[in-house]
Amino acid sequence: MSDTTRRQFLGSAAASVLAAAASGAPASKPKKMIGIQIGAVSFVDEGVEPVLEILQTKGHVNTLFIAAFTYGRGIAGRQVPNQPLPDHGKQEYDTGSFHGGSYAAVHPQYYKNTSLQDFRAPDLGKFDVFEAVLPASRKRGMQNIAWFEDVFRSDIPGVKDLEEKDLHGRNATTLCFNNPGYHNFLLGLVEDYASSWELDGIMWGSERQGAFANALGAAAGGRRKDPGTVTCFCQYCQKKGKERGIDFGRVQEGYLELEKFVRAARERQKPVDGYYVTLWRLMLRYPELLAWENLWHDSLRDTYAAMHAKVNSVKPNMGIGWHIWHTNSFSPIYRAEQDLQRIAPVSDFLKIVMYDNVAGGRLATYIDSVGETIYGDVPKEDLLRFHYDVLGYKNEGTQQEIPTTGLSADYVSRETKRAREGLAGAKTLLWPGIDLDVPTEATHSKSKPKGIHDALVASFQAGADGVILSRKYSEMKLANLAGAGEAVKELGFA
Ligand SMILES: [Zn+2]
């Protein structure tokens, strides 16, 4: 985006604030983006106007992040099963009817160079979320951003050819960024959004990482990951690796050794020299392990760049940016790959996930997982302290405590400040993702209005340009939405 077009994007970001001013609020109020992620089902269940009225009056929301394409339940569908239903919506689970796909019309001319062409979501019949919502929200002075994610299922027509291959050559349900069919699908989808609809922006998120970090279970719930199913080892990745001078035979050999190491470690078969030293020995013997991890992340960054360029060529005043996965808050390996200076040139904005409440349980399961592999020699509480130190957190609880307390607003403040500094010199807007009823286990801490209020205030005080209430309206309690709204008002952004 050029400086001029960026000003136009920022200008449109201010449009809703100006509209609010016209309705009686003082015109001198600072311009801040108050966004919320919302799926199509909420508009069907509750009606477009009533939902927009709630969002504006309770949450002072001025921007919708409309979940337009996904096969995942994290951003689409109603409340997930086994979680309490919120105090609005249909008061029923959609366990049987949720399928996923595109919740807006699909225009076939944009999908000529991919086998993925039949992906309109069947869940809500002919309901088209853009057609139904965009005119109404624009009328209210709200901005609209198309929001979609990198989540698929294995029964979509034409998807097989685009799937990643695991270490043993089996198909995965994840798709490969280096596969031209998936690359072209992503470019087609953003071109379709930019050309067909009156949108203010596009946000995409990929909550995945490469084979090395996955084999080590370096993510929340990482214990569940089988080190033999890591990706990607497909022909397109092999070709890209070869162009970089990486010996694929050595890559495979290294990953097979790593698989053995992790399987033994998870069974607590301690190597003679311990887990940490033995892993280092493997990394030194097979530098291809890290080269392959980095290739996966370079491929993601190449995808960001291609999507950014495509949108820029179709509609230069439209912003496009990325949702950065919560693993960024837990794993030093993943954080090392999120070099903000490198991605800023292709990011008009960044939503960096800083979900404070659910972070407690997630960080605890991350520690449990890597505490059996790379750090198998280190007692869990010491390992958690080590992570607080290397990630820059202070005064957070013990491994026992954090699932029931969550992390603090100070964590949100520190993460916002770090991202702000990481983006020094860049024009990228920083929009932290704020936790509003992100599901936790029954006995773990639940979002409360005060916690949401404090996280939101902390992020703005630390330099955020806006916030995105997450993950989806259909799982949020109205009292918690009002907690966010109180903070917005207090800060003078309402
Ligand atoms: Zn691949």
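Residues numbered from 1 in each chain as written. Predicted model: local features only at pLDDT ≥ 70, side-chain atom pairs only at ≥ 80, totals over all residues. Heavy atoms only, no water.

> What is the right way to read the overall build of the protein from this model?
Helix and strand counts for the protein come out as 18 helices and 12 strands. For 494 residues, the compact-globule estimate of 2.2 N^0.38 gives 23 Å, and the C-alpha radius of gyration of the protein, at 22 Å, lies within 12% of that figure. Summarising its shape, the C-alpha atoms of the protein cover approximately 70 × 55 × 50 Å along the three principal directions. Counting the 494 residues in the protein, one finds 58% classified as buried. Looking at the protein alone, contacts between residues at least 24 apart form 78% of all its contacts between residues at least 6 apart. Side chains of the protein carry 57 positive and 59 negative charges; the gap between the two charge centres is 2 Å. (Helix = DSSP H or I, 4+ residues; strand = E, 2+ residues; numbered from the N terminus. Rg over C-alpha atoms; globule rule 2.2 N^0.38 Å. Buried < 20%, exposed > 50% of the residue type's maximum accessible area, 1.4 Å probe, protein only. Contact = heavy atoms within 4.5 Å. Lys, Arg positive; Asp, Glu negative; His and termini not counted. Charge placed at Lys NZ, Arg CZ, Asp CG, Glu CD.)

> Just to check I follow, could you spell out the coordination of the zinc ion for this structure?
Tetrahedral metal sites with four donors have an ideal angle of 109.5 degrees; octahedral sites with six donors have ideal angles of 90 or 180 degrees. Listed as protein donors to the zinc ion are Cys176 (SG), Cys232 (SG), Cys234 (SG) and Cys237 (SG); their distances from the metal cover 2.2 to 2.3 Å. Between the 4 donor atoms coordinating the zinc ion, the angles at the centre fall across 98 to 118°, so the site counts as tetrahedral. Counting residues between consecutive donors of the zinc ion along the chain gives the motif C-x55-C-x1-C-x2-C. (Donors = N, O, S within 2.8 Å, 3.2 Å for Na, K, Ca; no water. Tetrahedral: all angles 85-135°; square planar, octahedral: opposite > 155°, others 65-115°.)

> Would you explain helix α8 (residues 248–266) in this entry?
Spacing of three or four residues puts side chains on the same side of an α-helix, whose turn is 3.6 residues. Here α8 contains 19 residues, and its C-alpha end-to-end distance of 27 Å stays within 8% of the 27 Å for a straight helix at 1.5 Å per residue. Taken together, the buried positions of α8 are occupied by Phe248, Val251, Gly254, Tyr255, Leu258, Glu259, Phe261, Val262, Ala265 and Arg266. Angular distribution of buried residues about the axis of α8 spans 170°; they occupy a single face of the element. Those residues of α8 that are buried lie in contact with α6 (211–215), α7 (235–243), α9 (275–285), α10 (288–314) and α13 (356–370). N-cap assignment for α8: the residue whose side-chain oxygen lies 2.9 Å from the backbone N of Gly249 is Asp247. (Expected span 1.5 Å × (residues − 1). Arc of directions from axis to C-beta. Polar contact = N/O pair within 3.5 Å; in protein donor to acceptor, adjacent residues only side chain to side chain.)

> Please clarify how the packing of helix α17 (residues 449–461) against helix α18 (residues 478–490) should be interpreted in this entry.
Any two packed helices are characterised by the angle at which their axes cross and by the distance between the axes. The N-to-C vectors of α17 and α18 enclose an angle of 35°; their axes lie 8 Å apart at closest approach. Crossing of α17 over α18 shows right-handed handedness. Contacts between α17 and α18 involve Pro449, Ile452, His453, Leu456 and Val457 from the former and Ala479, Asn480, Gly483, Ala484, Glu486, Ala487, Val488 and Glu490 from the latter. Counted by class, the contact of α17 with α18 contains 8 nonpolar, 3 polar and 2 charged residues. (Axes fitted to C-alpha atoms, helices over the stretch in contact; angles between N-to-C directions. Left-handed = near helix turned anticlockwise from the far one by under 90°. Nonpolar A, V, L, I, M, F, W, Y, C, P; charged D, E, K, R; others polar.)

> Before we go on, may I ask you to explain the side chain of Gln83 in this structure?
Relative to the assigned elements, Gln83 resides in the loop between β2 (63–70) and β3 (101–102). With a relative accessible area of 14%, Gln83 lands in the buried category. With sequence-adjacent residues up to four places away left out, Gln83 is seen in contact with Tyr93, Pro439, Thr440 and Lys446.

> Sorry if this is basic, but what is going on with the packing of α13 against helix α14 (residues 380–391) here?
One can describe the packing of α13 onto α14 by two numbers: an axis separation of 10 Å at closest approach and a directional angle of 115°. Considering only the axes of α13 and α14, their crossing is right-handed. Contacts between α13 and α14 involve Leu363, Tyr366, Ile367, Asp368 and Val370 on the former and, on the latter, Lys380, Leu383, Leu384, His387 and Tyr388. Its residues assigned to classes, the contact of α13 with α14 shows 7 nonpolar, 1 polar and 2 charged.

> Explain the nonpolar core here, please?
Where a protein is soluble and globular, its nonpolar side chains tend to be buried together. With 136 residues, the main nonpolar core has Phe130, Tyr193 and Leu258 as its most contacted residues. The element contributing the most residues to this core is α10, with 9 residues. Every residue in contact with Leu258, bar those within four places of it in the chain, is listed here: Phe212, Ala215, Leu216, Leu279, Leu282 and Leu289. Core analysis: the next-biggest nonpolar cluster, separate from the first, contains 11 residues, Ala67, Trp147, Phe349 and Trp431 among them. (Core = buried A, V, L, I, M, F, W, Y, C linked by side-chain atoms within 4.5 Å.)

> I keep staring at the packing of aromatic side chains and nothing clicks. Help me out?
We describe a pair of aromatic rings using the distance from one ring centre to the other and the angle between the two ring planes. Scanning the model with the defined rule gives 34 aromatic pairs in all. When the ring of Phe177 is compared with that of Tyr182, the centres are 6.0 Å apart and the planes differ by 20°; the resulting orientation is stacked. Across the pair, exposure class does not vary: Phe177 and Tyr182 are buried alike. With a centroid separation of 4.4 Å and an interplanar angle of 25°, the aromatic rings of Phe349 and Trp431 are classed as stacked. Of this pair, Phe349 sits in strand β9 (residues 349–352) while Trp431 sits in the loop between β10 (429–430) and β11 (433–435); the two residues are 82 residues apart in sequence, bridging distant segments of the chain. Considered together, Phe349 and Trp431 belong to a single accessibility category, that of buried residues. In this structure, Arg73 is placed above the aromatic ring of Phe98, and the distance from its NZ or CZ to the ring centre is 4.8 Å. (Phe/Tyr/Trp six-rings, centres within 6.5 Å; stacked < 30°, edge-to-face > 60°. Lys NZ or Arg CZ within 6 Å of the ring centre and 35° of its normal.)

> Explain the pattern of salt bridges here, please?
Pairs can form between side chains of opposite charge once their charged atoms are near each other. Across all of its chains, the model carries 36 salt bridges by this definition. Between Glu243 and Lys239 there is a salt bridge, with its nearest N and O atoms 3.4 Å apart. Placement of the pair is Glu243 and Lys239 together in helix α7, with a separation of 4 residues, close to one helical turn. Accessibility classification places Glu243 together with Lys239 in one group, the exposed group. Where Glu415 meets Arg418, a salt bridge forms, and the shortest distance between an N and an O atom there is 3.0 Å. Here Glu415 pairs with Arg418, and both are found in helix α16 (residues 409–422), just 3 residues apart, close to one helical turn. By relative accessible area, Arg418 is classed as partly exposed at 30%. (Salt bridge = Lys/Arg side-chain N within 4 Å of Asp/Glu carboxyl O.)

> So what exactly am I meant to see when it comes to the side chain of His453 here?
You can see His453 is positioned in helix α17. In this view, His453 contacts Gly483, Glu486, Ala487 and Glu490; residues no more than four positions away in its chain are not counted.

> Looking at this structure, I do not really get unusual backbone geometry. What am I missing?
Trans peptide bonds make up most of the peptide bonds, and negative phi angles are found at most residues other than glycine. Going from Thr231 to Cys232, the amide bond is cis rather than trans, its omega being 10°. Within the secondary structure, Cys232 sits in the loop between α6 and α7. Of the consecutive residues Ser470 and Arg471, the connecting peptide bond is found in the cis state with omega at 10°. Structurally, Arg471 can be placed in the loop between β12 (466–470) and α18.

> Can you walk me through the environment of Val277 in this structure?
Looking at the element boundaries, Val277 is found in helix α9. Classification of Val277 by relative accessible area gives partly exposed; the value is 40%. Along the sequence, Val277 and Glu421 sit 144 residues apart, while their C-alpha atoms lie 34 Å from each other.

Honestly, that's just the spatial picture; any functional story needs more than this.
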